[in-house]
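# Structural overview for review
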Amino acid sequence: MNGNGRIRYFYGAGHEQFPPSVLLRHAQLAEEAGFDGIACSDHYQPWWEPGESGQAWIWLGAAAQATAACAIGPAVTPALKRYHPALVAQAFATFEEMFPGRTFLAMGSGESLNESPLGCDWPDGKGQLAAMEEALWIIRRLWDGETLTEQGRFFETKAAKLHTRPEKPPPLYVSAFHPEAARLAARYGDGLWTLANPEAPKLIEIYRAQRDEDGRDAGEIILQASFSWDEDEAAALEGARVWKGAQPAEYYVEDWHDPKAMYANAEATISDADYKQLSIISSDADEHVRRLLEIEALGPTVISAMNCSGNDPEGAIRVYRDWVLPALRRG
């Protein structure tokens, strides 16, 4: 929440759906529309074919320069094969030094979709959790100014040190879909980042209990949702249909890394009706307000809403500017 207790709304920018130059325009429009922050996906491949795959970190610097005051960061960055955690620590220390008080780093365990193409042997669930904890430990110590020489299970450092650090590190949010990851978020993070689904209350409870046990403040609760708007109801669904490719839970833990096969499996196993329950898809702005108020009732301090409106993304931003965000802020 911001200083007056209002839930903050971040605009989700999907590199899988739009070219980075187009997303940059969306980010500018989103800030002008009243979104409090910009959160972009960070993936090597899209969840479907054909799609887009702009590099998130390059884009984040451009987006921060092209906007004025909103918070900005990735949703979410992993550290495994694609990024070494020392590089993550350096990148976001630099980002915060350049745009103090505006940046954040949201970290997750990643997906085979984005690691296997770089030669990663995808670990099992316990391995994914262990790798994320090791990465978070390295990032925190480097941000604290330590020099690290460590031979870990997943990452090695030899006299690694950040020679440029910001006055204060950026907020670190940790993505969690399972209880142990929620505990890691409480121990290492400044907030919990998770999906706005029926599992969220349980994860929030675990996160808060661990924070209390460790004597830490409540931190942030960031719930991620997605939306699609179009003047026509059917077009709203068709514009977001490709995002079915990101819905199956197994894609986040098992070794799936062929975008074409992933989308085909998702389309075969997720009905349109079920998909509309997983995402906010409607031509009715009031329906968007209603669904987001349901998410607010789960207790977040931030809601990150990704714009999946493939047919008219700028029209969707205008609807949120003129109707949805004002209605939410009226309570």
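The preceding data block contains the structure.
Residues numbered from 1 in each chain as written. Predicted model: local features only at pLDDT ≥ 70, side-chain atom pairs only at ≥ 80, totals over all residues. Heavy atoms only, no water.

### Focus: the overall build of the protein
When helices and strands are tallied, the protein shows twelve helices and twelve strands. Radius of gyration (C-alpha) of the protein: 19 Å, near the 20 Å computed for a compact globule of 331 residues. If one aligns the C-alpha atoms of the protein with their principal axes, the spans along those axes are about 60 × 45 × 40 Å. Counting the 331 residues in the protein, one finds 55% classified as buried. In the protein, the share of contacts with a sequence separation of at least 24, taken over all contacts with a separation of at least 6, comes to 72%. Of the roughly 14,000 Å² of accessible surface on the protein, a fraction of 50% belongs to carbon and sulfur atoms. Of the charged side chains in the protein, 30 are positive and 49 negative, and the gap between their average positions amounts to 4 Å. (Helix = DSSP H or I, 4+ residues; strand = E, 2+ residues; numbered from the N terminus. Rg over C-alpha atoms; globule rule 2.2 N^0.38 Å. Buried < 20%, exposed > 50% of the residue type's maximum accessible area, 1.4 Å probe, protein only. Contact = heavy atoms within 4.5 Å. Areas by Shrake-Rupley, 256 points an atom, 1.4 Å probe, with all protein chains shown as cover. Lys, Arg positive; Asp, Glu negative; His and termini not counted. Charge placed at Lys NZ, Arg CZ, Asp CG, Glu CD.)

### Comments concerning the packing of helix H5 (residues 125–143) against helix H6 (residues 179–188)
Contact geometry of H5 with H6 gives a least axis separation of 11 Å together with a crossing angle of 5°. Taken as axis vectors, H5 and H6 run roughly parallel relative to one another. Along the contact surface, H5 presents Leu129, Met132, Glu133, Leu136, Trp137 and Arg140, while H6 presents Glu180, Ala181, Leu184 and Tyr188. Grouping the constituent residues of the contact of H5 with H6 by class yields seven nonpolar, no polar and three charged. (Axes fitted to C-alpha atoms, helices over the stretch in contact; angles between N-to-C directions. Parallel < 35°, antiparallel > 145°, perpendicular 65-115°, else oblique. Nonpolar A, V, L, I, M, F, W, Y, C, P; charged D, E, K, R; others polar.)

### A closer look at the environment of Gly219
Take Gly219: it is sitting in the loop between helix H7 (200–213) and strand E10 (220–228). Residue classification places Gly219 among the partly exposed residues on the basis of a relative accessible area of 25%. Each C-alpha atom, one on Gly219 and one on Ala186, is 8.2 Å from the other, the two residues being 33 residues apart in sequence. Discounting chain neighbours no more than four positions away, the residues touching Gly219 are Asp190, Tyr207, Arg211 and Thr301.

### Some thoughts on the pattern of salt bridges
Enumeration over the complete set of coordinates arrives at 21 salt bridges. As a salt-bridge pair, Arg8 and Glu220 come within 3.2 Å of each other at their nearest N and O atoms. Within this pair, whereas Arg8 is found in strand E1 (residues 8–13), its partner Glu220 is found in strand E10, the two being separated by 212 residues in sequence. You'll find Arg8 and Glu220 in the same group, each marked buried. The closest approach of N and O atoms between Asp322 and Arg321, which form a salt bridge, is 2.7 Å. Overall, Arg321 belongs to the partly exposed group, its relative accessible area being 39%. Within the structure, one salt-bridge network assembled from shared partners comprises Glu238, Arg241, Lys244, Glu267 and Asp272. (Salt bridge = Lys/Arg side-chain N within 4 Å of Asp/Glu carboxyl O.)

### Here's the deal with the packing of aromatic side chains
Applying the stated criterion across every chain, the model contains 16 aromatic pairs. Their ring planes at 40° and their centres at 5.3 Å tell us that Trp47 and Tyr252 sit as a pair that is tilted. Taken together, the residues span a long stretch of sequence, with Trp47 in the loop between strand E2 (37–40) and helix H2 (56–66) and Tyr252 in the loop between helix H8 (233–240) and helix H9 (259–269) at a distance of 205 residues. No difference in accessibility class separates Trp47 from Tyr252, as the two residues are buried. In this structure an aromatic cluster arises from ring pairing among Trp57, Tyr83, Phe92, Phe95 and Phe99. (Phe/Tyr/Trp six-rings, centres within 6.5 Å; stacked < 30°, edge-to-face > 60°.)

### A short note on helix H1 (residues 20–33)
For H1, built from 14 residues, the straight-helix expectation of 20 Å at 1.5 Å per residue is met to within 8% by its first-to-last C-alpha distance of 19 Å. Buried within H1 are the following residues: Leu23, His26, Ala27, Leu29, Ala30, Glu31 and Ala33. Packing partners of the buried residues in H1 comprise E1, E2, H2 and helix H12 (313–330). A positive phi of about 110° marks Gly34, the residue just after H1. (Expected span 1.5 Å × (residues − 1).)

### Some details on the nonpolar core
Counting residues in each nonpolar core, the largest one holds 78 residues, and the members touching the most others are Trp59, Val88, Met107, Trp143, Leu192 and Leu292. With eight residues, H12 is the largest single contributor of residues to this core. Leu113, Trp243, Tyr263 and Tyr275 belong to the second-largest nonpolar core, a separate cluster that totals 18 residues. (Core = buried A, V, L, I, M, F, W, Y, C linked by side-chain atoms within 4.5 Å.)

### Things to note about the packing of helix H11 (residues 285–296) against H12
Between H11 and H12, the shortest axis-to-axis distance is 9 Å and the interhelical angle comes to 40°. Accordingly, the angle class assigned to the pair H11 and H12 is oblique. Considering the relative orientation of H11 and H12, their crossing is right-handed. From H11, Ala285, Asp286, His288, Val289, Leu292, Leu293 and Glu296 reach across to H12, where they touch Val319, Tyr320, Trp323, Val324, Ala327 and Leu328. Its residues assigned to classes, the contact of H11 with H12 comprises ten nonpolar, one polar and two charged. (Left-handed = near helix turned anticlockwise from the far one by under 90°.)

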